[in-house]
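Survey of secondary and tertiary structure
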Amino acid sequence: MTLTDQDDPAARPAPRSRRLLPDLAPWRSSRDFRLLWTAGLVTAFGSFLTIVALPLQIKELTGSAAAVGAIGAVELVPLIVFGLYGGALADAVDRRRLILLTEAGLGLLSALLLVNSLLPDPMLWPLYVVAALTSALTGLQRPAIDSVVARIVPHDQLTAAAALNSLRWQLSAIMGPSLAGVVVAYAGLPLAYGLDLLTFLASGLLALGLTPAPPAHDAEPPSLRAIGEGARYAWQRKELLGTYAVDMAAMFFAFPNAIFPFLADDLDAPWALGLMYAAGSAGSVVVSLTSGWTARIHRHGRMVVAGAAVWGLAMAAAGRLSNVWLVLLCLAVAGGGDMISGLFRSTLWNQTIPEKLRGRLAGIELLSYATGPQLGQVRAGSMAGWVGVRASVWSGGLACVASVGLLALALPRLMSYDARTDEHARRARESRPASA
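Below, the structure is looked at part by part. (Residues numbered from 1 in each chain as written. Predicted model: local features only at pLDDT ≥ 70, side-chain atom pairs only at ≥ 80, totals over all residues. Heavy atoms only, no water.)

**Description of the pattern of salt bridges**
- Applying the stated criterion to the full structure yields 11 salt bridges.
- A salt bridge links Arg360 to Asp91, with the shortest nitrogen-to-oxygen separation between them at 2.9 Å. Of this pair, Arg360 sits in helix α14 (residues 358-387) while Asp91 sits in the loop between α3 (65-90) and α4 (95-117), and the two are 269 residues apart along the sequence. An identical accessibility class is assigned to Arg360 and Asp91; each is buried.
- Here Glu239 and Arg413 are joined by a salt bridge, their closest N and O atoms 3.3 Å apart. Of this pair, Glu239 sits in helix α9 (residues 238-253) while Arg413 sits in helix α16 (residues 412-416), placing them 174 residues apart in sequence. (Salt bridge = Lys/Arg side-chain N within 4 Å of Asp/Glu carboxyl O. Helix = DSSP H or I, 4+ residues; strand = E, 2+ residues; numbered from the N terminus. Buried < 20%, exposed > 50% of the residue type's maximum accessible area, 1.4 Å probe, protein only.)

**Description of the packing of helix α12 (residues 300-320) against helix α13 (residues 324-352)**
- Contact geometry for α12 and α13: axes closest at 7 Å, N-to-C directions at 160°. Looking at the two axes, α12 sits roughly antiparallel to α13. α12 and α13 meet at a crossing whose hand is left-handed.
- Partitioning the contact of α12 with α13 into residue classes produces 17 nonpolar, eight polar and two charged. (Axes fitted to C-alpha atoms, helices over the stretch in contact; angles between N-to-C directions. Parallel < 35°, antiparallel > 145°, perpendicular 65-115°, else oblique. Left-handed = near helix turned anticlockwise from the far one by under 90°. Nonpolar A, V, L, I, M, F, W, Y, C, P; charged D, E, K, R; others polar.)

**As for the packing of aromatic side chains**
- Within this structure, the stated rule accounts for six aromatic pairs.
- Seen in terms of ring centroids, Tyr244 and Trp349 are 5.7 Å apart; in terms of plane orientation they differ by 45°. Their pairing is tilted. In this pair, Tyr244 sits in helix α9 while Trp349 sits in helix α13, placing the two residues 105 residues apart along the sequence.
- Over the face of the ring belonging to Trp235 we find Lys238, whose NZ or CZ atom lies 3.9 Å from the ring centre.
- The lysine or arginine in question, Arg320, covers the ring of Trp394, its NZ or CZ lying 5.3 Å from the ring centre. (Phe/Tyr/Trp six-rings, centres within 6.5 Å; stacked < 30°, edge-to-face > 60°. Lys NZ or Arg CZ within 6 Å of the ring centre and 35° of its normal.)

**Here's the deal with the side chain of Asp196**
- Relative to the helices and strands, Asp196 resides in helix α7 (residues 189-207).
- With no salt bridge to any partner, buried Asp196 finds its closest opposite charge in Arg142, at an N-O distance of 13 Å.
- Those residues within four positions of Asp196 in sequence are excluded, and the remaining contacts are Gly46, Ser47, Leu49, Thr50 and Ser110. (Lys, Arg positive; Asp, Glu negative; His and termini not counted. Contact = heavy atoms within 4.5 Å.)

**Digging into the environment of Phe48**
- Checked against the element boundaries, Phe48 lands in helix α2 (residues 31-62).
- Once residues within four sequence positions are removed from consideration, Phe48 is found in contact with Trp169, Ser172, Ala173, Gly176 and Pro177.

**Some words on unusual backbone geometry**
- Notably, Asp268 is not glycine yet its phi reads approximately 55°, a positive angle.
- Tracing the backbone shows Asp268 in the loop between α10 (260-266) and α11 (273-289).
- With relative accessibility at 65%, the residue Asp268 sits in the exposed group.

**Points about the nonpolar core**
- Ranked by internal contacts, the top residues of the largest apolar core, which has 70 residues, are Ile58, Val246, Ile259, Phe260, Met276, Trp311 and Leu331.
- Of all the elements, α13 adds the most residues to this core, at 10 residues.
- If near-sequence neighbours (up to four positions away) are discounted, Ile259 is found in contact with Ala380, Gly381, Ala384, Val389, Ser392 and Val393.
- Counting 23 residues, the second largest nonpolar core, distinct from the first, contains Phe33, Leu140, Ala144 and Leu210. (Core = buried A, V, L, I, M, F, W, Y, C linked by side-chain atoms within 4.5 Å.)

**Notes on a nonpolar patch on the surface**
- On the surface, a nonpolar cluster with roughly 460 Å² of combined accessible area is contributed by Leu119, Met123, Trp125, Val129 and Leu133.
- When you line up the elements, Met123 lands in the loop between α4 and α5 (125-152).
- On the accessibility criterion, Met123 (35% relative accessible area) is partly exposed. (Patch = residues over 30% accessible without salt bridge, like charges linked within 9 Å, V, L, I, M, F, W, Y side chains within 5 Å. Areas by Shrake-Rupley, 256 points an atom, 1.4 Å probe, with all protein chains shown as cover.)

**Remarks on the packing of α3 against α14**
- The interhelical angle for the contact between α3 and α14, taken along N-to-C directions, is 175°, at an axis separation of 8 Å. In terms of axis orientation, α3 runs roughly antiparallel to α14.
- Residue composition of the contact of α3 with α14, by class: 14 nonpolar, 10 polar and two charged.

**Section: the state of the cysteines**
- Inspection of the entire model under this criterion finds zero disulfides.
- With no disulfide of its own, Cys400 lies 14 Å from the sulfur of Cys330, the closest cysteine sulfur.
- For Cys400, a relative accessible area of 0% translates into the label buried. (Disulfide = S-S within 2.5 Å.)

**Concerning empty space enclosed by the protein**
- A full pass over the atoms with the stated rule returns two cavities of 30 Å³ or more.
- Put simply, the second largest cavity is a space of about 60 Å³.
- Lining the second largest cavity are Asp146, Ser147, Ala150, Trp349, Asn350, Ile353, Arg358, Ala362 and Glu365.
- Put simply, the parts of the chain that give the lining of the second largest cavity at least two residues each are α5, α13 and α14.
- For the lining of the second largest cavity, the residue count by class is four nonpolar, two polar and three charged. (1 Å grid on protein atoms, 1.4 Å probe; cavity = no way out; pocket = protein on both sides within 12 Å on 5 of 7 lines; lining within 4 Å. Points joined across faces, edges and corners; volume = space filled by probe spheres on them.)

**Considering the environment of Val129**
- Position of Val129 among the secondary structure elements: in helix α5.
- Between the alpha carbons of Val129 and Ile71 there is a distance of 9.7 Å; along the sequence they are 58 residues apart.

**Considering the environment of Pro222**
- Within the element layout of this structure, Pro222 appears in the loop between α7 and α8 (224-236).
- In this structure, the C-alpha to C-alpha distance between Pro222 and Val42, residues 180 residues apart in sequence, is 30 Å.

Structure, rendered in structure tokens:
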């Protein structure tokens, strides 16, 4: 029997006051989700301080856009290697323990940045080394965090959980860069790195309260064979493959964050650097705070494509405009489009991937949503040195729109995906652990 809107409780009209407001059900129903959400907010807040401070310090030491863009290059290989291995590891060990150990390692790296910034003559090479090691630890940690959400949140609340997680991330992305701009300008880089270190200490204490998340009794040890099994599954699922490809294309062509310091100078608005980093997150927050409508959407693939197209168009406009306030508005619209695309990517992933493969598929997902920005930083920095900063931004936005359109045509299963009738969604729901 085909499920119709009348048969689907999620499709019934919600009270008018709740049609736009975010659904707080995951926060109310799961103590572990509350702990994970709060710990993530604290960690992300501090990390965004470093995201602004690190490229700015490299800019001050070198004055080179290519040197800033090279951050993405040194982060790329560790992210690929440890992201794939971290996915297999998340299926084979206690995910809570893996989260705690990697959080401690990330805190230690923040301490190293702090020490280097306090030297009379800070060194350049440690910045790249720490960036590479941070990428490796992130690759190990993120699959464990992403795969544990589907275990601690009920199946029908996964879209709401994705919206709340994105809201958490974007709130920290607004507060972190905005504060970083002020902190770096008036108190210096050491305070930014020091605050980041404190946030890792606080989030680690919160993560200690998480319930252990041991692997299945027949879990396969992490190996190339286990990674290959996850990759084969992803390749067979063309709708999953489409979400990875769309996200990577959007980020590769239209992620100019690394050259924001140069864009701010080009617009004669160095004071707006922190706002540039925060603008995209502001747009994402608007979408998150009005995300009640997302529960009534079932064609998730189409929304992934539409959101990525909005991202590219808005970035192209940001590169063409010369008024800094209009540029900030375009960056905010781009962030809203990226939020829509990411929200429905996450829902499609969490509602259709079997529990035994969640860690490995989370590792592949990490490559799609994290590798793309790293490559995008390299592309943006290289093109900025070749054709100019603003041309690098607008040409990348147009290339994003074109590539996303071609992928939508090439992968019809992404566009036809319907959560109400998809067999993989049904199987994943039926295979959930009894404790979920």
